Structure formats: C-alpha cells, structure tokens
Amino acid sequence: MMRLFFFFLGQLTRGVRADLSTKEMISPKALVHSRTVVEKHDYVTTGISIYVEGDLLGIELNEYKRFELGDSVQMTFYSPAGIHRLQSTIIGKDEGSIAVIFPPRAFQFVEKRESPRVDVTATGNLRLQQEGAEQITLAEERPQWNHAMSPDELDDDELLAHLHELNGEHDKRSDKLQIALRNISLSGVGFVLEQSSERLSVGDTLEAELQVGLDGAINCDLIIVRRELQEDGFYYGARLDSVGEKQRRALRAFILREQVGLFYHNRNKQNKNKSRSNG
C-alpha cells in the first residue's frame, strides 16, 4: 500500500484540482458526519465522511474493498449546509474506510483553512543569522595560499585573506545547532534543543535545514515565537519563512502522508477499544 501511496503523493505536489463548476461557501466542519456517495466509473456506494483536515478527507465505507489506491472518485456530500460535489483521488484505505485528497481550493471556506500540525521524529540544523556583523571585503583576485611558504614569506594581504578564510570555516563549524523536531505544519515547527546547547530567544531568526523524510532537506528561515523549558531541554515554537514553492509542495505531501498514518492508527485503536468493550 505505501509503495503506491508515495506515487500518488507525487500527484499532490503537482496540484490536484476539484471538478467543480462553481465554488461554494461552506465550513469544512459541515462535511463531517455527512452522508457521502462515492462513485467511480463502474461502481457507486454510500458512506459517512468522518474526518476533514488540511489536505485529507476520510470516509467510513463498508465497501472499501471495491476501491483501489489511485482510483479517481466522484463524491457527493449531503450535509446540513447543502449538497456538495467533489472529485479527487484515493490515497489510502484500510478496513472500513478510505482516505482521499481534499484539494485546498475545492471550496470557498467561511473561515480560514489552517494547515494541520503533525507530530514527527526528525532532525535538523540551525544557523543564527548574524545581522549587521562587520564583514571584510576581499579583492576578487585573492592570492592563493601556498602551503610551501612560511608565514614570514606572506605579505599582509595574503595573511589577512587566509586568516579570514580560516575564521569563516571555524564559524561554519561552530554556529550550527542540532535540533530534534517534534511537530511541523506548513506554517511552523516545534523543536527541542538540549539544555547544554545555546539558548535561543523569541524574535531570533535562524537559517534552517530540516530533514523530514523527503528527497533532500527543507531549507528555510525559522523565526522563534515561543520558548519553554521541558524535561528534555528547551522547546521552541517557530514560524516557517522563505520556503520555496517546490519545497512547500513537498512539505504538503509529507504532512499529508503523516496525517494518513495517524488517521488509520487512531481508527485501528478505536476499533480495538470497541471490540474489547463489546467483548
């Protein structure tokens, strides 16, 4: 299942469009617990929409085995706010349910649609931006360091240039901070620094490289908005900034993948609890 799932997540990063002639003003919550007709080219059945958040829509469906990952489906929701139609793609299924992409521009929402924040176990690196730091401007044709020459044989410009280069390499080694990511959304992250690490302050801006299970890291800026001391170190909340469009789409796909996993984890847990209660 997961092998195909990654393939269809690629469709999300290229954009998925809703097959709607007009956009309707609704609240996402209006679709939850709505009777939902799901159809593909050779089959129609009815279920109940049970989850709507971010790019994920979950539908409870007894006939889930009749659908496959990647199937294009047409859905009709009979909600208290009216009848709404949506075309999308199945990206997950398990016993008693299917999960489909909920295109971000499917409807016009009466309130702002927030990106979900998902828990993650990942790492990253930070580098403080030294704003206003004095910089030494070197000539474009800078003399090359000759290891065969002693320091006494170098003129002042060569010695200064090499010293500045060594200092720069030292800064690159020393100003990187390792972090442990705890959660992430399209707008922000939560992470932990060990107590022995440098403390960050609210308002600090940092260059970040986040390893979140994608093909390559997410390079962005983080702006610290919250700090609190926890047992495993300082926990920070930060706003994501300067994320390129391509990486933003990849991040959306990553968050959606984590959502699907959590959605089915919670459903399986609920089903087990029901079975124990009935037993």
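In this convention, every chain numbers its residues from 1, walking through the sequence in written order. A pLDDT threshold of at least 70 governs which residues receive local features in this predicted model, and a stricter bar of 80 or more applies before side-chain atom pairs are shown or counted, although totals over entire chains, interfaces and linings include all residues. As a convention, hydrogens and water are excluded, and side-chain values are obtained from all of the structure's heavy atoms.

Trainee: Residues and numbers for the overall build of the chain, please.
Mentor: Counting from the N terminus, the helices are DSSP H or I runs at least four residues long and the strands are E runs at least two residues long. Scanning the chain from N- to C-terminus turns up 3 helices and 14 strands. We call a residue buried when its accessible area falls under 20% of the maximum for its residue type, exposed when it is over 50%, and partly exposed in between, using a 1.4 Å probe and counting protein chains only. Counting across all 279 residues of the chain, residues that qualify as buried make up 39%. The long-range fraction of contacts in the chain, counting pairs at least 24 apart against all pairs at least 6 apart in sequence, stands at 62%. As displayed, the chain has an accessible area near 16800 Å², and 45% of this comes from carbon and sulfur atoms. Here, residues are in contact when the closest pair of their heavy atoms is within 4.5 Å. For the accessible areas, the method is Shrake-Rupley and the probe is 1.4 Å, while residue cover comes only from the protein chains on display.

Trainee: Outline the pairing of strand 3 (residues 43–53), supporting the account with residue identities and numerical values.
Mentor: A regular strand places its side chains so that they alternate between the two faces of the sheet. Note: strand 2 (residues 35–40) against strand 3, 6 bridges, orientation antiparallel. The residue of strand 3 that forms the bridge with lysine 40 is tyrosine 43. Here the rule is simple: two strands pair whenever DSSP picks up at least two bridges between them. In the sheet, strand 3 pairs with strand 4 (residues 56–60) via 5 bridges, with the strands oriented antiparallel. Across the sheet, glutamate 53 pairs through a bridge with leucine 56, a residue of strand 4. In this antiparallel pair of consecutive strands, strand 3 and strand 4, the connection spans 2 residues, and glycine 54 shows a positive phi of 60°.

Trainee: Residue-level account of the sheet that holds strand 5 (residues 72–79), with values.
Mentor: With respect to topology, 6 strands assemble into a closed barrel ordered 2-3-4-7-6-5, the strand pairing being antiparallel. Shown here is a sheet whose adjacent strand axes are inclined to one another by a mean of 45°, direction ignored. To define axes, lines are fitted to C-alpha atoms, for helices over the stretch in contact only, and angles between the resulting N-to-C directions are given on a 0 to 180 degree scale.

Trainee: Which residues make up the environment of serine 27, and what values do they have?
Mentor: Secondary-structure assignment places serine 27 in the loop between strand 1 (25–26) and strand 2. Taking C-alpha positions, serine 27 is 8.9 Å from phenylalanine 107, a pair spaced 80 residues apart along the chain.

Trainee: Tell me about the side chain of threonine 36, and please be specific about residues and values.
Mentor: Here threonine 36 is to be found in strand 2. The exposure class of threonine 36 is buried, given its relative accessible area of 0%. Polar contacts, as counted here, are pairs of nitrogen or oxygen atoms within 3.5 Å of one another; within protein the pair requires one atom able to donate a hydrogen and one able to accept it, and residues that are adjacent in sequence qualify only if both atoms are side-chain atoms. Polar side-chain contacts of threonine 36 include one of 3.0 Å to the backbone oxygen of serine 34. Excluding its chain neighbours within four sequence positions, the residues that come into contact with threonine 36 are Thr45, Thr46, Gly47, Ile48, Ser49, Ile59, Met75, Thr76 and Phe77.

Trainee: Talk me through the nonpolar core; I want residue IDs and the actual numbers.
Mentor: Definition of nonpolar core: a set of buried residues of the types Ala, Val, Leu, Ile, Met, Phe, Trp, Tyr and Cys, connected through side-chain atoms within 4.5 Å. One finds Leu126, Ile184, Phe191, Leu200, Leu210 and Leu222 to be the most contacted residues of the largest nonpolar core, which totals 29 residues. Mapped by element, the contributors of at least two residues to this core are strand 9 (118–128), strand 10 (176–184), strand 11 (188–193), strand 12 (205–211), strand 13 (218–230), strand 14 (233–241) and helix 3 (245–278). It is strand 9 that provides the largest number of residues to this core, a total of 5 residues. Leaving out residues up to four positions away in the same chain, leucine 222 has contacts with Leu126, Val189, Phe191, Asp204, Thr205, Leu206, Ala208, Ala238, Arg239 and Leu240. Counting 21 residues, the second-largest nonpolar core is a separate cluster that includes Leu31, Leu61, Ile90 and Val100.

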